Amino acid sequence: MREFFTSQFGVSITFSVMVIGALLGITTYCIYFERKIAGWVQDRYGPNRVGPAGIFQLVADGIKMVFKEDIIPGHVDKVLFLAAPAIIIIVSFIGFAAIPWGGQWELDGHLVNIQVANPDIGLLYILGVASMAIYGLVLGGYSSNNKYSLFGSLRATAQMLSYEIPLGLCILVVVLTLGTLRLEHIALAQTGYWFGIIPQWNVFLHPVPFVILLITSLAESNRTPFDLPEAEQELVCGYHTEYTALKFGMFFLGEYAHMITASALISVLFLGGWHFPWIPWAQPEATSFFAVLVKIGVLGGKVVFFIFLMMWLRWTLPRFRWDQLMRVAWKGLIPITLALFILTAVLVYFGLERSIWTLVGNVVIVAGALLIAGSFGREVTGRTTNLPPIPSGPFSPGVGGVGASA
Amino acid sequence: MLLASIEPYAAIGVTILVVMVVAAGQLIVAQVFGPKVRHGPVKDRPYESGMPVVVDTHRRFNVRFFLVAMLFLLFDVELIFVWPWARVFHHAATTGATIPLEDGTPVGKGFLAVGMGIFFALLLFGLLYEWKRGALEWD
């Protein structure tokens, strides 16, 4: 019995159940933090009634959702209607399986990975699982027999498909640089130092793919400024308009779980995963139980940073317009990421993939993109050139109106 | 003791099972604990801001969504070929090793680079063509 639980498979299973339990709690509490941050940004309190500083608000909300009337409307396709939230929950929770949370742990004289699964194609697995989230949104919208839901799911499909191409290309840049698809090896390859002080994280080699990956992750998890699929002013709630009670909550749980997966993936690909300089326990040599806890804490800290960033962006930036959204993906991010991929391939050919030239190339590509966009001007950026003149008069808010007379 | 290569996928399988139980549990809990659902002609109507439902939902939709799906298919299928290439190319370029082709001919990093160069030139030409033909316009 003890032999089973100290083997890699036993540790994986135990860790998997622990991670799922922890994530259920963390994703729920993400909603509390989201509301607190919204309150902070908008200069109000946020939830503060249930418990000290409102920390039991989510428990109260959860209980409320469980005891609400669980309507399955008469006009829906019942099987798909019930399958959609389940698919969302399943695909957004199993993505965690390949994330290397805590390096290695020396247990009964052998090393085990603190990771649910360490397949040799871990990166492809996460990408595949993440793109399956589209099915949940599409089925939810399509089976509801509601026009708002249908439009929401159509938008979600087009948006997630468009942003998956730059996402894949950014990850390909990392694969080309390090030559492996195993996430544990990607984390390990970033544990060295330049000049003995700068950690060899990929973000210092490729800052532009890092930023683009962050943008596409926002779009993939349908967060503001890319939340067109659930734009309240246009589509009520988008694809989950017809959902009530806990099924409604499951869509939220899935969205936040997707955010955490994306944050963990970005941290592993570009910020060294569990590695942190100057902390002796966050190095690959440290394999004690305490070191495992420190490594999980370090990766957790990076994830919390990204989640805070995403929430901060949500309450700061306005939403894109639909044609702007598609233009950013197809005419902005895809050409830039293609150029970055070619740059990385050329540098790998000459054996320079981890030198200062990657940084130079990044700067040159961004400068070139800005130059091209600037020289073509309105043709590329698509701004409308001939807006109708704003009528001016004593009561008009336009040019020469109230503002001009003041 | 499980086979080392199957082990990760077995662990993923167990994870999927656990999460499926969690998802099914949530669906069942909501059905069991919620109050009895009452149906009525108005309550069963889709919520479209309180307006009477005029036409069937599953009608034709804008063809541009179809176009996006087509473009995505082209791009993503092309990119799938790049994934294994990236791994093999990195191996050949960093170690100087040769990769055997199907008939056993060993090829180096130069062959791989030229092959992917032609492939990528076609991909870029396709993107440029789509751009010029206005397939990427939304207004």
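Residues numbered from 1 in each chain as written. Chains lettered and ligands numbered in written order. Predicted model: local features only at pLDDT ≥ 70, side-chain atom pairs only at ≥ 80, totals over all residues. Heavy atoms only, no water.

As for the side chain of A:Thr177
Here is the rule we go by: Helix and strand assignments come from DSSP, with helices taken as H or I runs of at least 4 residues and strands as E runs of at least 2, each series counted from the N terminus. Think of a polar contact as two N or O atoms within 3.5 Å of one another; within protein, one of them needs to be a possible hydrogen donor and the other a possible acceptor, and neighboring residues in sequence only count if both atoms come from side chains. It only takes one pair of heavy atoms within 4.5 Å for two residues to be counted as in contact.
Within the secondary structure layout, A:Thr177 lies in helix H7 (residues 147-178). Reaching out from A:Thr177, the side chain makes a polar contact with the backbone oxygen of A:Val173 at a distance of 2.7 Å. Here A:Thr177 is in contact with A:Leu205, A:His206, A:Thr344, A:Glu353, A:Arg354 and B:His90, once residues within four sequence places are set aside.

Digging into the interface of chain A and chain B
Counted only if it meets this: Buried area: the sum, over both parts, of the accessible surface (1.4 Å probe) that disappears when the two are put together. Salt bridges are defined by distance alone: a side-chain nitrogen of Lys or Arg within 4 Å of a carboxyl oxygen of Asp or Glu.
On the side of chain B, 70 residues touch chain A, which itself brings 81 residues to the contact. When chain A packs against chain B, close to 6,600 Å² is buried across both sides, 76% of that on carbon and sulfur atoms. Looking at the side of chain A facing chain B, the largest losses of area belong to A:Lys147, A:Trp330 and A:Tyr349, adding up to 11% of the total buried there. Summed over the shared surface of chain A and chain B, the number is zero salt bridges. Inspection of the chain A/chain B interface yields seven residue pairs in polar contact (both at pLDDT 80 or more).

Points about the domain arrangement of chain B
Quick note on the threshold: By convention here, the domain bounds are inherited from an automatic or database domain assignment.
Looking at chain B, the domain boundaries give domain 1 (2-48) and domain 2 (63-133). The gap between the C-alpha centroids of domain 1 of chain B and domain 2 of chain B is 39 Å.

Details of the environment of A:Ile186
Residue and element names in this part refer to chain A. In this fold, Ile-186 is placed in helix H8 (residues 183-188). Sequence separation between Ile-186 and Val-175 is eleven residues; the distance between their C-alpha atoms is 8.4 Å. Once residues within four sequence positions are removed from consideration, Ile-186 is found in contact with Leu-123, Val-174, Leu-178, Thr-180, Val-268 and Leu-269.

A word on empty space enclosed by the protein
Residues and elements named next belong to chain A. Applied cut-off: Both cavities and pockets are sets of points on a 1 Å grid over the protein atoms alone; in a cavity a 1.4 Å probe fits but cannot get out, in a pocket the set is open with protein on both sides within 12 Å along at least five of seven lines, and lining residues sit with an atom within 4 Å of a point. Grid points are joined across faces, edges and corners, and a volume is the space filled by probe spheres set on the points. Just so you know the grouping, Ala, Val, Leu, Ile, Met, Phe, Trp, Tyr, Cys and Pro go in nonpolar, Asp, Glu, Lys and Arg go in charged, and all remaining residues, Gly too, go in polar.
A complete count under the given rule lists three cavities of 30 Å³ or more for this structure. In this structure, the largest cavity occupies an estimated 220 Å³ of space. As for the largest cavity, its lining consists of 18 residues, and the residues nearest its centre are Ile-126, Ala-130, His-258, Thr-261 and Ala-262. Those elements that provide at least two residues to the lining of the largest cavity are helix H4 (78-94), helix H5 (122-131), helix H10 (207-220) and helix H12 (245-270). Take the lining of the largest cavity: its biggest share by element is five residues, from H12. When its residues are assigned to classes, the lining of the largest cavity shows eleven nonpolar, six polar and one charged. Empty space within the second largest cavity amounts to approximately 170 Å³. Those elements giving two or more residues to the lining of the second largest cavity turn out to be H4, helix H6 (133-143) and H12. No other element matches the five residues that H12 contributes to the lining of the second largest cavity. Of the residues in the lining of the second largest cavity, the class split is eight nonpolar, six polar and three charged.

Comments concerning the environment of A:Asn113
All names here are of chain A. Looking at the element boundaries, Asn-113 is found in strand S2 (residues 110-113). Along the backbone, Asn-113 and Ile-55 are 58 residues apart, and their C-alpha atoms lie at a distance of 34 Å. Beyond its immediate sequence surroundings of up to four residues, Asn-113 is in contact with Gln-8, Val-11, Gly-103, Gln-104, Asn-118 and Glu-184.

What about the packing of helix H14 (residues 322-349) of chain A against helix H15 (residues 356-376) of chain A?
Residues and elements named next belong to chain A. Convention followed: As a rule, the C-alpha atoms of each element are fitted with a line to give its axis, helices using only the stretch in contact, and angles between N-to-C directions run from 0 to 180 degrees. Throughout this description, any angle smaller than 35 degrees is read as roughly parallel, any larger than 145 degrees as roughly antiparallel, any in the 65 to 115 degree range as roughly perpendicular, and the remainder as oblique. Crossing handedness: left-handed means the near helix sits turned counterclockwise from the far one by under a right angle, and right-handed means the same turn made clockwise.
One can describe the packing of H14 onto H15 by two numbers: an axis separation of 10 Å at closest approach and a directional angle of 150 degrees. It follows from the interaxial angle that H14 and H15 lie roughly antiparallel. Classified by chirality, the crossing of H15 by H14 is right-handed. Within the contact between the two elements, H14 uses Ile-336, Ala-339, Leu-340, Leu-343 and Leu-347 and H15 uses Trp-357, Thr-358, Gly-361, Asn-362, Ile-365 and Ala-369.

Brief notes about the pairing of S2(A)
All names here are of chain A. Note the following rule: The criterion for strand pairing is that DSSP finds at least two bridges linking the strands in question.
As defined by bridge partners, strand S1 (residues 104-107) adjoins S2 across four bridges and the pair is classed as antiparallel. Across the sheet, Trp-105 pairs through a bridge with Val-112, a residue of S2. Where S1 folds back onto S2 in an antiparallel hairpin, the turn is made up of two residues, including Asp-108, whose phi is positive at roughly 50 degrees.

Quick look at helix H3 (residues 109-133) of chain B
For the record, the criterion: Expected span, for any helix, means 1.5 Å times one less than how many residues it has. The classification of residues rests on relative accessible area computed with a 1.4 Å probe and restricted to protein chains. Under 20% of the type maximum is buried, over 50% is exposed, and intermediate values are partly exposed.
Taking 1.5 Å of rise per residue, 25 residues should cover 36 Å, and H3(B) covers 36 Å from first to last C-alpha, within 8% of that figure. Those residues of H3(B) that fall on the buried side of the exposure criterion are B:Leu112, B:Met116, B:Phe120, B:Leu123, B:Leu127 and B:Glu130. Each element contacted by the buried residues of H3(B) is listed here: H14 of chain A together with helix H2 (63-95) and strand S1 (99-100) of chain B. With its phi angle positive at about 80 degrees, B:Gly134 sits one or two positions after the end of H3(B).

A short note on the confidence of the model for chain A
Put simply, the test is: Think of pLDDT as the predictor's per-residue confidence, scored from 0 to 100.
Chain-level statistics for chain A give a pLDDT mean of 83 and a share of 93% at 70 or above. Below pLDDT 50 for its whole length, residues 398-406 of chain A participates in eight contacts with residues either more than four positions away or in separate chains.

What about the packing of aromatic side chains?
In plain terms, the rule: Stacked, tilted and edge-to-face are the three classes assigned to paired rings of Phe, Tyr and Trp, where Trp is represented by its six-membered ring and a pair needs centres within 6.5 Å; plane angles under 30 degrees give stacked, over 60 edge-to-face, the rest tilted. A positively charged side chain is recorded as over a ring if its NZ (Lys) or CZ (Arg) lies within 6 Å of the ring centre. The angle to the ring normal must also be within 35 degrees.
Taken as a whole and assessed by the stated rule, the structure comprises 25 aromatic pairs over all chains. Note on A:Trp201 and A:Phe204: the rings are 6.3 Å apart at their centroids and 15 degrees apart in plane angle, and the pair reads as stacked. Residues A:Tyr349 and A:Phe350 carry aromatic rings whose centres are separated by 5.2 Å and whose planes lie at 85 degrees to one another, so their mutual orientation is edge-to-face. By the ring-pair criterion, three or more aromatic residues cluster together here, those being A:Phe341, A:Tyr349, A:Phe350, B:Trp85, B:Phe89 and B:Phe120. Its end group placed over the ring of A:Trp201, A:Lys302 keeps NZ or CZ at 4.3 Å from the ring centre. Across from the ring centre of A:Tyr349, 4.6 Å away, lies the NZ or CZ of B:Lys109, which sits over that ring.

Some remarks on the confidence of the model for chain B
Residue and element names in this part refer to chain B. Mean pLDDT over chain B works out to 82, with 96% of the residues at or above the 70 mark. Element-level mean pLDDT values for chain B span from 80 in S1 up to 87 in H3. Taken over the whole predicted complex, pTM reads 0.86, whereas the ipTM for its chain interfaces reads 0.85.

Some words on the nonpolar core
The cut-off we apply is this: Residues enter a nonpolar core if they are buried and are Ala, Val, Leu, Ile, Met, Phe, Trp, Tyr or Cys, with the set joined through side-chain atoms within 4.5 Å.
Counting residues in each nonpolar core, the largest one holds 140 residues, and the members touching the most others are A:Leu123, A:Ile171, A:Leu269, A:Trp330 and B:Trp85. At 17 residues, H7(A) tops the list of elements feeding residues into this core. Residue contributions to this core reach at least three from each of two domains, namely domain 1 (2-48) and domain 2 (63-133) of chain B. For B:Trp85, the residues in contact, after removing those within four places along its chain, are A:Leu176, A:Phe341, A:Ala345, B:Leu112, B:Ala113 and B:Met116.

Concerning unusual backbone geometry
The phi torsion at A:Asp43 lies on the positive side, around 60 degrees, for a residue other than glycine. On the accessibility criterion, A:Asp43 (74% relative accessible area) is exposed.

Some points on the packing of H2(B) against H3(B)
Residues and elements named next belong to chain B. At a minimum axis separation of 11 Å, H2 and H3 run at an interaxial angle of 160 degrees. Taken together, the axes of H2 and H3 lie roughly antiparallel to each other. With respect to the hand of their crossing, H2 and H3 are arranged in left-handed fashion. On H3, the residues that touch Leu-71, Leu-74, Phe-75, Glu-78, Phe-81, Val-82, Trp-85, Val-88, Phe-89, Ala-92 and Ala-93 of H2 are Lys-109, Leu-112, Ala-113, Met-116, Phe-119, Phe-120, Leu-123, Leu-127 and Glu-130. Residue composition of the contact of H2 with H3, by class: 17 nonpolar, no polar and three charged.

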